[in-house]
Amino acid sequence: MTESKINESLKAAVEEMTPNMLDALMSELDITDEPKELMHDTIAQDSAADKNWKPVSGRLGAGWMKAVISCAAVLVLVVGGLSVYNLNKTAFALVSLDVNPGIEISIDSNERVISATPVNDEAKDVLSDMDLKGSDINVATNAIVGSMLTHGYLTDLSNSILVSVSAQDEAAGTELEKKLSENLNAYLEDSQITAAILGQYVNEDEALKSFAETNGISIGKAWLIKNLLNTGSTKMTEADLLKLSTQELILLGQKRGVANNTSYGDAESGKYIGSEKAISIALEKAGVKKASAQNLHYEFDAEKGVLIYEVSFRAGDYEYDYDINAIDGSIVSYEKEYEGPVAGAGGGTSNGSSGSGTSNGSSGGGNAYYDDDDDDWDDRYDDDDDWDDRYDDDDDDDDDDDDDDD
Amino acid sequence: MNAAYVDENLIIRMAAGDGAAFKELYEQTASAVYGFALSILKNKHDAEDVMHDAFIKAYSAAVTYKPMGKPLAWLLTIVKNLCYTRIRTGSVCEDISEYEDLVHIDESGSVHDKIVLQEALSKLDFEERQIVILHSLTGLKHREIADILELPTGTVLSKYNRSLKKLKKAIEGKGDSK
């Protein structure tokens, strides 16, 4: 059989199997295949109908306009829902939004934008053409996030937003933070974007300000770093944390549970292997079955600028500690320590045979072609070779393996 | 229609809410999307779910598309990420038995074609399956497939050749026994 015959067969077979879900998709998305000439007009009317919507579109580039059009329905809803709340608020507050671009927005007591300041160069890019002055903070927030999307700063793999609020009145500031995070989450969900949000109220003082300025980061990021240092990790240092991206800091914040925050979504969902995977890598390397691992737990941590899952468990007389790189699943370090027979929990003599764990190689199984790389993803596929063995023996009639014993 | 020649204007139009563009994109890429998901997950139901989610996501994420002349790669990356998320969260049902019946499940189409697909899904490893399926269904070049799978082009090329050999052997072996 020739190469092109094989390709043709594969193509035909898959095409044959491909389900037809076009109609279902279109009705779910609420679209038709009629040409949409009226799109712009409809949006303009909707927007104009709501007083809170500032028509900044005149100054926007074409790229941003696309975001506005596709998200306009959401914007209008959010704004509509908030107009009552806006009537009498006295809090004067500073809101900072961090993705990797960082933007600080100061607002007046009516939650209208006084100014929006880029913290870094990426942020200048994001803010480039937007005139947010006077717009409602929720509209401004959504617009900025929309612009981060079109500029590619928010993607499937880098999906986290840090929302920080500091205000003269802590109670009002905290309330504002919760509301902003909630609205932003709703906006992203409605736009079918999987994102993680960490909201925090920031007690701003001079020390924090100068820490932020010295390191060229926003107040919000500075606060998060300070908070992370209070979560009891023995590994993280200030210098380490400054090396991390906002996304990584948010993930640490979510996993380690920094104090007083609002959290939506999961920063882990993007490019990280996830705790289950980390645990299975550690168990596999130790040659320990999950069932026989006792006191199995993990912690999310950062070491030398790398995010890790710190997986620990006990098996037999030994205590195992693995630090697994959270992105590629490689083993950063591991320890196997003699603990003595299980009697009292905790203590035990530590004869520290550090680094002597047995490594089982990436897969057993005995099927050579699964072994040629240590791609984690196919490990789970390594187990299922058995079933296709039946195709290997040529004697298959239609009855399968019931005819062995006569 | 060869999926490799998807017009990126479709995605730009889709970002502006153009349903006709969505329909056109779907028609040009549905089998590539489904086949790619199937090659990763080896399971019809999961591949269907991913196909559904991928098109929904593509529509809503179209605003984030940066025109670089690679609309199909963009779409297939969405598919890949969705599949990986499924694998990672362990929500893939590995109902392998289904493949033993692939030939019998639906009567339509050529039995021979189905056997070839079945052999590809069962005899090839994780990366080989993706390479072979992407090659046959999209007409993408090895270099482009390498980009999507984040593998070196040389690896893709050698795996492709190895896969074809394996497949030929498997199919001929099967042919003899029948």
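**Quick look at the packing of helix 4 (residues 71-88) of chain B against helix 8 (residues 126-138) of chain B**
Residues and elements named next belong to chain B. Across the interface, helix 4 lies against helix 8 with an axial gap of 14 Å and an inter-helix angle of 150 degrees. Considering their axes alone, helix 4 and helix 8 lie roughly antiparallel with respect to each other. Pair helix 4 / helix 8 crosses with right-handed handedness. Here L72, L76, Y84 and I87 of helix 4 come into contact with helix 8, specifically with F126, Q130, L134 and T138. For the contact of helix 4 with helix 8, the class distribution of residues is 6 nonpolar, 2 polar and no charged.

**Some words on the confidence of the model for chain A**
Residues and elements named next belong to chain A. Looking at chain A as a whole, the pLDDT averages 69, with 67% of positions reaching at least 70. When pLDDT is averaged over each helix and strand of chain A, the minimum, 36, is found for helix 4 (residues 62-82) and the maximum, 92, for helix 2 (residues 22-29). Per-residue pLDDT stays below 50 along residues 344-406; that stretch engages in 98 contacts with residues further than four places along the chain or on separate chains.

**Side note on the sheet that holds strand 8 (residues 306-315) of chain A**
Residues and elements named next belong to chain A. The strand order across the open sheet built from 4 strands is 7-8-9-10, with neighbouring strands paired in antiparallel fashion. Each having just a single partner strand, strand 7 (294-303) and strand 10 (331-338) make up the two edges of the open sheet. Taken over all neighbouring pairs, the strand axes of this sheet differ in orientation by 15 degrees on average, direction set aside. Where strand 9 (residues 318-325) and strand 10 come together, 7 bridges link them in antiparallel fashion.

**Observations regarding the pattern of salt bridges**
Between side chains of opposite charge, a pair can form when the charged atoms approach closely. Residues and elements named next belong to chain A. Summed over all chains, the structure comprises 18 salt bridges over all chains. One salt bridge in this structure joins K124 and D121, with 3.1 Å as the shortest N-O distance. Note that K124 and D121 are positioned in helix 5 (residues 121-127) at a spacing of 3 residues, about one turn of the helix. According to the relative accessible area criterion, D121 is exposed, its value standing at 57%. A salt bridge links K209 to E206; its shortest N-O distance comes to 4.0 Å. One end of the pair, K209, and the other, E206, are both in helix 8 (residues 206-215), 3 residues apart, so they sit about a helical turn from each other. Exposure remark for E206: the relative accessible area of 60% places this residue in the exposed category.

Quick notes on the rules
Residues numbered from 1 in each chain as written. Chains lettered and ligands numbered in written order. Predicted model: local features only at pLDDT ≥ 70, side-chain atom pairs only at ≥ 80, totals over all residues. Heavy atoms only, no water. Axes fitted to C-alpha atoms, helices over the stretch in contact; angles between N-to-C directions. Helix = DSSP H or I, 4+ residues; strand = E, 2+ residues; numbered from the N terminus. Parallel < 35°, antiparallel > 145°, perpendicular 65-115°, else oblique. Left-handed = near helix turned anticlockwise from the far one by under 90°. Contact = heavy atoms within 4.5 Å. Nonpolar A, V, L, I, M, F, W, Y, C, P; charged D, E, K, R; others polar. pLDDT = per-residue confidence, 0-100. Pairing = 2+ DSSP bridges. Salt bridge = Lys/Arg side-chain N within 4 Å of Asp/Glu carboxyl O. Buried < 20%, exposed > 50% of the residue type's maximum accessible area, 1.4 Å probe, protein only.

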